[in-house]
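Okay, here's what each chain looks like letter by letter:
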Amino acid sequence: MAVKWTTKWKWPTYLNADTVEWCPIEPYTHILVCSTYQLDTKDEAANGRKQRRLGRINVLSITDDMKEIVPIQTIDASGVLDQKWCHHKVQGYPVLGLVTSEGYLQLFRLVDTDRLKLELWLEGQLGRDVLALSLDWSTNKILNEEPRLIASDTSGTITLTKVVGNFMRKIGKWKCHSYDAWVTAFNYWNTDLFYSGGDDCLFISYDVRTPLPVLINQSHNAGVTAIKSSVDVEYQLLTGSYDEKVRLWDTRNLKRCISECEVNGGVWRLKYNPNEKSVVVAACMYGGFRLLRINKDVKVMYEYLEHESIAYGADWKYDDRSVVATCSFYDSMMHIGEVTF
């Protein structure tokens, strides 16, 4: 199958870019949030202060007829390590969750009054002296009026939280990794099940109803950095690692993967295409971006190498075309392109 990836726009993010997320909820699917994370070393040597981590949340409206990318809102923040939208409205609003370098899980509402903007709604701290590293919602497939979130942090802990009214209630904690817990993700077909990956090379499976892990898998050869459950194929799960491989799993047997694929870069994010159900975009750090075909195995379809720094962020737009946003770190760039098959 011939694949073409056409870059339509490039935009400088000014601070180091690490995450991009399209809103999945109509009529706001043109809204893209690009967030950043950057160490501030000013006065550190002179004053002996701990390095601050700066961030900015850029809210963008992306339309076909625009001449250039101009944010409709910018929010200065601590460094943003990960962000994800709830896949349905919560109490009437689209909600963006994000995790920060100060250890917070924050929920922002997308408010549509005189103009579209994000407003901070709820926040809670995962722990003191930790960076919050990743998060996931329980709602990518199943609607829940009291959605749950999981978040991971640099202490190796996974925290489970539930939105109840105007509060976030912590309902579980699992300290299972020796080092940074880089990623955590729900099984979207059964949200009592979730997973984590850490710098200790462990891929761990959990059930919210039990205090101990269900399974600890040690087959990755380096830190586990990406985990993604398919919303279209039951039992299908992907993991990515610093060992530069994407692995395909059947969630009914997580002792051994079905297939693995070399992608020539540490895998930071994996995102299924909402239209082409077997296509995944992988952010492969120093290896750029890859399009993968997932069937009974994993194959590289295409390499996108136009970024000049670490490939960290990628996401598909939720419309009938395969529009993809990508971002890279030290060159502080975001690209938007269209993929045709």
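Where an unreviewed UniProt entry is consulted, the protein chain appears under the name methylated diphthine methylhydrolase, with the organism given as Danaus chrysippus. Reading the Sequence similarities (unreviewed entry) entry of the UniProt record for the protein chain gives the comment "Belongs to the DPH7 family." Quoted straight from UniProt, the Pathway (unreviewed entry) entry for the protein chain says "Protein modification; peptidyl-diphthamide biosynthesis."

Participant: Explanation requested: the sheet that holds strand β16 (residues 193-197) in the structure shown.
Facilitator: Hydrogen bonds along the backbone pair up the strands of a sheet, which may run parallel or antiparallel. Taking strand neighbours across the sheet as the criterion, the 4 strands line up as β15-β16-β17-β18 in an open arrangement whose pairing is antiparallel. Here the strands that pair on one side only, and so sit at the sheet edges, are β15 (183-186) and β18 (215-217). When the angles between neighbouring strand axes are averaged without regard to direction, this sheet yields 15°. Two elements, β15 and β16, share 4 bridges in a ladder whose sense is antiparallel. Across the sheet, Phe186 pairs through a bridge with Phe194, a residue of β16.

Participant: Help me out: how do you make sense of the pattern of salt bridges in this one?
Facilitator: Between side chains of opposite charge, a pair can form as their charged atoms come close. Counted according to the given criterion, the structure contains 22 salt bridges. Across the pair Glu119 and Lys117 runs a salt bridge, and its minimum N-O distance is 3.6 Å. One salt bridge connects Arg252 with Asp250, and the closest N-O pair in it is separated by 2.7 Å. The exposure class assigned to Arg252 is exposed, which follows from its relative accessible area of 59%. Among the ionic contacts, a cluster of salt bridges with common partners joins Lys8, Asp64, Arg321 and Glu338.

Participant: Would you explain the packing of aromatic side chains in this entry?
Facilitator: Each aromatic ring pair is summarised here by two numbers: the centre-to-centre distance and the angle between the ring planes. For the structure on display, the rule yields 16 aromatic pairs. Taking 4.9 Å as the distance between ring centres and 75° as the angle between the ring planes, the aromatic pair formed by Phe329 and Tyr330 counts as edge-to-face. Put simply, the rings of Tyr37, Trp182, Tyr242, Trp268, Tyr312, Phe329 and Tyr330 pair up and form one aromatic cluster. For the cation-ring pair, Lys141 lies above Trp189, with the distance from its terminal atom to the ring centre recorded as 4.1 Å. Here the guanidinium or amino end of Arg252 rests over the ring plane of Tyr235, the centre of that ring lying 3.9 Å away.

Analysis parameters
Residues numbered from 1 in each chain as written. Predicted model: local features only at pLDDT ≥ 70, side-chain atom pairs only at ≥ 80, totals over all residues. Heavy atoms only, no water. UniProt positions renumbered as here; feature names shortened; annotations may be inferred. Pairing = 2+ DSSP bridges. Helix = DSSP H or I, 4+ residues; strand = E, 2+ residues; numbered from the N terminus. Axes fitted to C-alpha atoms, helices over the stretch in contact; angles between N-to-C directions. Salt bridge = Lys/Arg side-chain N within 4 Å of Asp/Glu carboxyl O. Buried < 20%, exposed > 50% of the residue type's maximum accessible area, 1.4 Å probe, protein only. Phe/Tyr/Trp six-rings, centres within 6.5 Å; stacked < 30°, edge-to-face > 60°. Lys NZ or Arg CZ within 6 Å of the ring centre and 35° of its normal.

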